[in-house]
Amino acid sequence: MEGSRLAQEFTKVQELIYELKIAQVMTRDVITVSPATPLREVKEILRTRRISGLPVVRDHELVGIVSIEDIIKALESDAMDATVGEKMTPNPVTLIADESVVQAVNMFSRYTYGRFPVVDRSGALVGIITAGDITRGLLKAIELDYRQDEISRYRASHIFEDIPSDRTTLVLRYEIKARDFARGGEASSRIKKALTRLNVPPKIVRRVAIATYEAEMNIIIHADVGGYLVADIWPERIRLRAVDTGPGIPDIEQAMQPGFSTAPAWIRELGFGAGMGLVNIKHCADEMILESQAGRGTNLEVNFYLQPDARSGRAEERQGGRSG
Amino acid sequence: MKLREILPLIEGELLSGNANLDLEVEMGCGADLMSDVLAFTHAGTLLVTGLTNPQVVRTAEMAEIAAIVFVRGKRPPEETIALAEEKGIPLLFSPHTMFEVCGRLYQAGMHGCGRFDL
């Protein structure tokens, strides 16, 4: 668990490097100097402000960068009476404010500079960025992300303790339109998100999501009048029901055969209707009850047990080798 | 294997924005049937497919597929890319066939998802 937690955190940092914009982590209040500024003055600014470099601006235009290295060189060669214009690095490499932080990371690894001036799309100086700014920005973003995540997770996962009753049930209902292939999976996506927020273990979330999605697609493909999905959630169990008043299944045993399908050709072309849906739902579930009558509709109930002791049913069935 | 290592192997290109090319994928699955993807993969799998409709991304979301490679030179429609970006699933493209892409990845050390008894 430690390892996977670490891997998750690491992936998060990588994601943030791509998500965060340079403008979000850079220092905005930039102190600038002009080419005519004496180096002595620069030395004082760097010392009192505890910074290591300054952009050089002439008539609002970025013309160079002067750093603590330039000051050291000037001290060594006794040239502290020189002006910034004489000792600065001209035409500095810049970064653009609305680019992702990964650009800055790449620049720091490509060049040996300690800082890059940041400009907007019109070329105007808007900030400065150091490796320290990136580290601080990332830490802040991780903390924020973590806190928001924890808060929403805590709130949702404690719903059963926070609301006192003899038995609390959380009921999520989603209407499914017939033939609405383009929106197929939206209900499943929302159920998956809800379960994650409720702190359901990830492996169970994946099983429920796959079963829900298969059931949702079945309604979209087969039930000419649509139907609905209901997820009933208790602390120890999730019950998923997929109900429609469509054409029904005349022969359930046949429908449970892997590869048996009545889906039309256009659905098959879209990658569905291969006759694996019900088989897969049963595989994901701890328990599956399928009731259907030709012309009357279909009622599918699938149970997932969240407590280890309530799961024995699934294990036994697996060991017995019975499958749909 | 990282996505950035996969791209040159399949002579591929990245189709979605803001993707993390350092993402590690351990195993792959080649399929045009989405039910097969739902039944025969593990979380974190790389999906190689010739289908490009948005349901491929939905399937990937449910099955927790790490990234998708579209093969045979097929480019997905805008809505597929938009959904993938929303869900944070990187989309890759290869001009080669499914067999060729799977073969190159396998040869480079990527494995399948193992056997499943349904």
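Residues numbered from 1 in each chain as written. Chains lettered and ligands numbered in written order. Predicted model: local features only at pLDDT ≥ 70, side-chain atom pairs only at ≥ 80, totals over all residues. Heavy atoms only, no water.

## Comments concerning the overall build of chain A
Along its length, chain A carries 14 helices and 11 strands. Each of the 324 residues in chain A was classed as buried or not, and the buried ones make up 44%. Taking contacts inside chain A between residues at least 6 apart in sequence as the whole, the part at least 24 apart equals 64%. Just so you have it, chain A exposes about 18,000 Å², and 50% of that area is on carbon and sulfur atoms. (Helix = DSSP H or I, 4+ residues; strand = E, 2+ residues; numbered from the N terminus. Buried < 20%, exposed > 50% of the residue type's maximum accessible area, 1.4 Å probe, protein only. Contact = heavy atoms within 4.5 Å. Areas by Shrake-Rupley, 256 points an atom, 1.4 Å probe, with all protein chains shown as cover.)

## Considerations on the packing of aromatic side chains
Remark: the centre distance and the inter-plane angle together describe each pair of aromatic rings, the angle taken between the planes. All names here are of chain A. Summed over the entire model, instances satisfying the criterion amount to 8 aromatic pairs over all chains. Geometrically, the ring pair formed by Tyr113 and Phe116 is edge-to-face, given 5.9 Å between the ring centres and 75° between the ring planes. By relative accessible area, which is 38% here, Tyr113 ends up partly exposed. Of the residues examined, Phe116 reaches a relative accessible area of 0% and is grouped as buried. (Phe/Tyr/Trp six-rings, centres within 6.5 Å; stacked < 30°, edge-to-face > 60°.)

## Looking at the sheet that holds strand β6 (residues 125-130) of chain A
Residue and element names in this part refer to chain A. The sheet built from 3 strands is open, its strands ordered β4-β5-β6 with mixed pairing. Looking at the sheet topology across the chains shown, the edges are occupied by β4 (95-96) and β6. Across 5 bridges, the pairing between strand β5 (residues 115-119) and β6 is antiparallel. Following the sheet pairing, Val118 is matched in β6 by Gly127. (Pairing = 2+ DSSP bridges.)

## A short note on the nonpolar core
Ranked by size, the top nonpolar core spans 70 residues in total, and within it Leu195(A), Leu229(A) and Ile68(B) carry the most contacts. The biggest single contributor to this core is helix α10 (residues 202-222) of chain A, with 12 residues. Apart from residues no more than four positions distant in its own chain, Ile68(B) is found in contact with Leu46(B), Leu47(B), Thr49(B), Val56(B), Val57(B), Ala60(B), Ile89(B), Pro90(B), Leu91(B) and Leu92(B). Counting 40 residues, the second largest nonpolar core, distinct from the first, contains Ala23(A), Ala97(A), Val69(B) and Val101(B). (Core = buried A, V, L, I, M, F, W, Y, C linked by side-chain atoms within 4.5 Å.)

## Focus: helix α3 (residues 39-49) of chain A
Residues and elements named next belong to chain A. When α3 is considered as a whole, its buried residues turn out to be Leu39, Val42, Ile45 and Leu46. For α3, the angular spread of buried residues about the axis comes to 115°, placing them on one side. Opposite the buried face of α3, by more than 90 degrees, sit the exposed residues Arg47 and Thr48. Elements in contact with the buried residues of α3: β1 (53-58), β2 (61-67), α4 (68-76) and α5 (84-87). Arg50, located one to two residues past α3, shows a positive phi value of around 55°. (Arc of directions from axis to C-beta.)

## Thoughts on the interface of chain A and chain B
Each partner contributes residues to the interface: chain A has 31 residues there, and chain B has 30 residues. Taking both sides of the interface into account, the surface hidden between chain A and chain B amounts to around 2,400 Å²; carbon and sulfur atoms contribute 54%. Among the residues chain A hides against chain B, the three largest losses belong to Tyr18(A), Arg206(A) and Tyr213(A). Together they make up 26% of the total. Counting every contact that joins chain A to chain B gives 1 salt bridge. (Buried area = accessible area lost by both parts, 1.4 Å probe. Salt bridge = Lys/Arg side-chain N within 4 Å of Asp/Glu carboxyl O.)

## Looking at the sheet that holds strand β3 (residues 46-49) of chain B
All names here are of chain B. A sheet is described by the order of its strands in space; here 5 strands give the open sequence β1-β5-β4-β3-β2, paired in mixed fashion. Looking at which strands have only one partner, the edges of the open sheet turn out to be β1 (13-14) and β2 (28-30). Two strands pair when backbone bridges link them, and β2 and β3 are joined in this way by 3 bridges, in the parallel orientation. Looking at the pairing, Gly30 lines up with Val48 of β3. Sheet strands in contact with helix α3 (residues 54-63) are β3 and β4 (67-70), and its direction is about 150° off that of β4. (Axes fitted to C-alpha atoms, helices over the stretch in contact; angles between N-to-C directions.)

## Comments concerning the packing of α10(A) against α3(B)
Contact geometry for α10(A) and α3(B): axes closest at 8 Å, N-to-C directions at 150°. Looking at the two axes, α10(A) sits roughly antiparallel to α3(B). Between α10(A) and α3(B), the residues in contact are Arg206(A), Ala209(A), Ile210(A), Tyr213(A) and Met217(A) and Gln55(B), Arg58(B), Thr59(B), Met62(B) and Ala63(B), respectively. Tallied by class, the residues present in the contact of α10(A) with α3(B) amount to 6 nonpolar, 2 polar and 2 charged. (Parallel < 35°, antiparallel > 145°, perpendicular 65-115°, else oblique. Nonpolar A, V, L, I, M, F, W, Y, C, P; charged D, E, K, R; others polar.)

## Side note on the confidence of the model for chain B
The pLDDT averaged across chain B works out to 95; a share of 100% of its residues lies at or above 70. Confidence estimates for the predicted assembly give a pTM of 0.68 and an ipTM of 0.92. (pLDDT = per-residue confidence, 0-100.)

## A look at the pattern of salt bridges
Across all of its chains, the model carries 20 salt bridges over all chains by this definition. The closest approach of N and O atoms between Glu175(A) and Arg173(A), which form a salt bridge, is 2.6 Å. Owing to a relative accessible area of 55%, Glu175(A) belongs among the exposed residues under this scheme. Classification of Arg173(A) as partly exposed rests on a relative accessible area of 48%. In this structure, the salt-bridge partner of Asp22(B) is Lys2(B), at a minimum N-O distance of 4.0 Å. Residue Asp22(B) is found in the loop between β1 and β2, and its partner Lys2(B) is found in the segment before α1 (3-9); the two are separated by 20 residues along the sequence.

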